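Chain residues, written in single-letter form:
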Amino acid sequence: MTIEASIYYEEDGMSLRWHSISVGALDPQKLGRWWADALVWEVLSESEDGVVLVPPGTLELAVRNLTRKLPPRIEFFRAPNAAGVGVALAIEFSPQDPQDFDAEVGRIVELGATVVKTGEGDEAAWAELSDPEGNRFSIIGA
């Protein structure tokens, strides 16, 4: 699988680039692997205290030590008090093909997510779900 050029970040003077989203978890290995399955992403690294996920096809960049060219990643770290702690962060996903909305929600639920609520907006259907540790995220139909 190849990576779209749009996810590469060229250095053009001083600027910020998106590095990662960090998620505190009671069991970062289990939750990280769950999200890897849900997103169909790859495990970049895993230790006792955390897991780092990257989009498919980016492990080769890491092996070639091109870490500054890696796309944003998701990091799961051990946080013993993570349960029940709300975070002001909304993570939203959409299927590659909007027609696959129901199938993708079903696939994620089969992996162990829980549907919190669903709705129909002006432009698209949406579903709010929670992962196995209760972290909320949404799937938007378009």
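Here's a quick rundown of the structure. Worth saying up front: this structure is predicted, and the values here are computed from it rather than measured.

What follows is about the overall build of the chain. Scanning the chain from N- to C-terminus turns up three helices and eight strands. N-terminal to C-terminal, the α/β element order of the chain is β-α-β-β-α-β-β-α-β-β-β. Counting all 142 residues of the chain, 32% fall into the buried class. Summarising the internal contacts of the chain: among those between residues at least 6 apart in sequence, 53% fall at separations of at least 24. Total accessible area computed for the chain in this model is approximately 9,200 Å², and 51% of it derives from carbon and sulfur atoms.

Before going further, it helps to spend a moment on the environment of Glu 133. Its location among the elements puts Glu 133 in the loop between β7 (125–130) and β8 (136–140). The exposure class of Glu 133 is partly exposed, given its relative accessible area of 25%. Note: C-alpha distance between Glu 133 and Leu 31 (102 residues apart in sequence) is 7.4 Å. Once you skip the residues sitting within four places of it in the chain, Glu 133 turns out to touch Ala 25, Leu 26, Asp 27 and Leu 31. A polar contact is formed between the side chain of Glu 133 and the backbone nitrogen of Leu 26, at a distance of 2.9 Å.

What follows is about the sheet that holds strand β3 (residues 50–54). With mixed pairing, the four strands of this open sheet are ordered in space as β1-β4-β3-β2. Since the sheet does not close on itself, it has two edges, and those belong to β1 (20–25) and β2 (42–47), each with one partner. Taking the axes of each pair of neighbouring strands and ignoring which way they run, one obtains an average angle of 15° across the sheet. Inspection of the sheet shows β3 paired to strand β4 (residues 73–78) by four bridges, in the antiparallel sense. Bridging from a neighbouring strand, Val 52 pairs with Glu 75 of β4.

This part is about the packing of aromatic side chains. How two aromatic rings sit relative to each other is given by the distance of their centres and the angle of their planes. By the definition in use, this model includes five aromatic pairs. When the centroid spacing of 5.1 Å and the interplanar angle of 85° are considered together, the rings of Trp 34 and Trp 35 count as edge-to-face. For the pair shown, Trp 34 and Trp 35 are each scored as buried.

Let us now look at the packing of helix α1 (residues 28–39) against helix α3 (residues 101–111). It is the contact of α1 with α3, at a shortest axis distance of 10 Å, that shows an interaxial angle of 155°. The angle between α1 and α3 places the two elements in the roughly antiparallel class. Pair α1 / α3 crosses with right-handed handedness. Between α1 and α3, the residues in contact are Trp 34, Asp 37 and Ala 38 and Arg 107, Ile 108 and Leu 111, respectively. Of the residues assigned to the contact of α1 with α3, the class counts are four nonpolar, no polar and two charged.

Summarising the sheet, strand β5 (residues 92–93) and β8 pair through two bridges and their orientation is parallel. Paired with Glu 92 across the two strands is Ser 138, which belongs to β8. The antiparallel hairpin formed by β7 and β8 contains five residues in its connecting segment, where Gly 134 sits at a positive phi of about 95°.

The rules behind each value
Residues numbered from 1 in each chain as written. Predicted model: local features only at pLDDT ≥ 70, side-chain atom pairs only at ≥ 80, totals over all residues. Heavy atoms only, no water. Helix = DSSP H or I, 4+ residues; strand = E, 2+ residues; numbered from the N terminus. Buried < 20%, exposed > 50% of the residue type's maximum accessible area, 1.4 Å probe, protein only. Contact = heavy atoms within 4.5 Å. Areas by Shrake-Rupley, 256 points an atom, 1.4 Å probe, with all protein chains shown as cover. Polar contact = N/O pair within 3.5 Å; in protein donor to acceptor, adjacent residues only side chain to side chain. Pairing = 2+ DSSP bridges. Axes fitted to C-alpha atoms, helices over the stretch in contact; angles between N-to-C directions. Phe/Tyr/Trp six-rings, centres within 6.5 Å; stacked < 30°, edge-to-face > 60°. Parallel < 35°, antiparallel > 145°, perpendicular 65-115°, else oblique. Left-handed = near helix turned anticlockwise from the far one by under 90°. Nonpolar A, V, L, I, M, F, W, Y, C, P; charged D, E, K, R; others polar.

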